[in-house]
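Each chain, letter by letter, is given below.
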Amino acid sequence: MSLSLILPMSAFALAASISPGPVNLVCLSSGTRYPIPRGLIFVTGATLGFLVLFLAIGLGLYSLLAMVPGLETALRWAGVAFLLYLSLRLFRDDGRLPADDGRQAPGFMAGALMQWLNPKAWLASASGIGAYTGGDVGQLWLFAALYLPICWLSLGSWVYAGAFLRRHVQRPGVLVAINRSLALLLAASCVYLLID
């Protein structure tokens, strides 16, 4: 594989992974609420969930969606329900940082599931595969191999940004405002699912 293919694939993966979206907002929120290692567990689940989705789309799931009427709509509504649930949890957060590590942070499976219900992940997969692989399975695997570290590092940077906020913003009122803003942004991302 040539560098002329690797560089554009990498740039696409970076732009798709680091730009704000539902998963990125949950990463940011995890960084403000929980220790960094807990946020990185979510990041790992989200990254691997995305890669499985990416490969499934590249290997034919996209054509299955076209053949099964209603499946895409069901996935869209499941995505809306899941995102609204996460938004509600975030909105209701009291802004107090946990004194112990016993609170339940979004975990590996939540990250993986969220990618399958995330329209940004579906669009990034379908458009990236269409633009860069040309139906070549070898190029699909190369693209997935590039996506793995890029996606993990991009999502991880959102956790670290949240941890930065946590370190420098210790007042519960400020964290409530941040969490509620993130919750509203996450809920607003559902509008995209409903109007598309």
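Quick caveat, the model's predicted, so the values are computed rather than measured.

Colleague: Even after reading the chapter, I still don't get the overall build of the protein chain, so can you show me in this structure?
Modeller: Counting its secondary structure elements, the protein chain contains eight helices and zero strands. Tracing the protein chain from N to C terminus, the helices and strands come up as α-α-α-α-α-α-α-α. Taken across its 196 residues, the protein chain has 46% of its residues classed as buried. Taking the intrachain contacts of the protein chain between residues at least 6 apart in sequence as the baseline, contacts between residues at least 24 apart amount to 89%.

Colleague: Mind showing me how you'd approach empty space enclosed by the protein here?
Modeller: Over the atoms a probe the size of a water molecule is rolled, and this reveals where empty space is left. Applying the stated criterion to the full structure yields one cavity of 30 Å³ or more. By volume, the largest cavity amounts to about 110 Å³. Around the largest cavity, the lining is made up of 13 residues, and of these A16, S17, F50, Q115 and K120 lie nearest the centre. Counting only elements with at least two residues in the lining of the largest cavity, the list comes to α1 (3–18), α2 (22–33), α6 (119–132) and α7 (137–168). Residue composition of the lining of the largest cavity, by class: eight nonpolar, four polar and one charged.

Colleague: Looking at this structure, I do not really get the nonpolar core. What am I missing?
Modeller: Within soluble globular proteins, side chains that are nonpolar generally end up buried alongside one another. Within the largest apolar cluster, 42 residues are counted, with the highest numbers of intra-cluster contacts made by V23, C27, F54, F143, Y147 and L155. Only α1, α2, α3 (36–67), α6, α7 and α8 (172–195) provide two or more residues apiece to this core.

Colleague: Explanation requested: the side chain of N24 in the structure shown.
Modeller: Inspection of the secondary structure puts N24 in helix α2. Owing to a relative accessible area of 3%, N24 belongs among the buried residues under this scheme. With residues near it in sequence (within four places) discarded, N24 still touches S17, I18, S19, K120, L155 and W158.

Colleague: What is the right way to look at α6 in this model?
Modeller: In an α-helix there are 3.6 residues to a turn, and that puts residues three or four apart on one side. The terminal C-alpha atoms of α6, which comprises 14 residues, lie 20 Å apart, in line with the 20 Å expected from a rise of 1.5 Å per residue. The N-cap of α6, judged by a side-chain oxygen 3.0 Å from the amide nitrogen of K120 a few residues on, is N118. Directly beyond the C-terminal end of α6, a positive phi value near 55° is found at G134.

Colleague: Please clarify how the environment of F42 should be interpreted in this entry.
Modeller: The residue F42 is located in helix α3 in this model. Here the alpha-carbon distance between F42 and V159, two residues 117 residues apart in the chain, equals 9.5 Å. In this structure, F42 is in contact with V23, V26, C27, P106, G107, A110, G111 and M114, ignoring residues within four places of it in sequence.

Colleague: Explain the environment of L59 here, please?
Modeller: Residue position: L59 is located in helix α3. Residue class for L59 comes out exposed when judged on its relative accessible area of 52%. Taking the C-alpha atoms as reference points, L59 and V137, separated by 78 residues in sequence, lie 7.8 Å from one another. Here L59 is in contact with V137 and L140, once residues within four sequence places are set aside.

Colleague: What exactly am I supposed to notice about the packing of aromatic side chains here?
Modeller: Geometry of an aromatic ring pair is reported as the spacing of the ring centres plus the angle between the planes. Tallying each qualifying case throughout the model produces nine aromatic pairs. Ring geometry for W116 and W122: centres 6.1 Å apart, planes at 85°, overall edge-to-face. Judged by relative accessible area, which is 13%, W122 ranks as buried. Connected via pairs of aromatic rings, a cluster forms that spans F12, F50, F54, Y132, F143 and Y147.

Definitions and limits used
Residues numbered from 1 in each chain as written. Predicted model: local features only at pLDDT ≥ 70, side-chain atom pairs only at ≥ 80, totals over all residues. Heavy atoms only, no water. Helix = DSSP H or I, 4+ residues; strand = E, 2+ residues; numbered from the N terminus. Buried < 20%, exposed > 50% of the residue type's maximum accessible area, 1.4 Å probe, protein only. Contact = heavy atoms within 4.5 Å. 1 Å grid on protein atoms, 1.4 Å probe; cavity = no way out; pocket = protein on both sides within 12 Å on 5 of 7 lines; lining within 4 Å. Points joined across faces, edges and corners; volume = space filled by probe spheres on them. Nonpolar A, V, L, I, M, F, W, Y, C, P; charged D, E, K, R; others polar. Core = buried A, V, L, I, M, F, W, Y, C linked by side-chain atoms within 4.5 Å. Expected span 1.5 Å × (residues − 1). Polar contact = N/O pair within 3.5 Å; in protein donor to acceptor, adjacent residues only side chain to side chain. Phe/Tyr/Trp six-rings, centres within 6.5 Å; stacked < 30°, edge-to-face > 60°.

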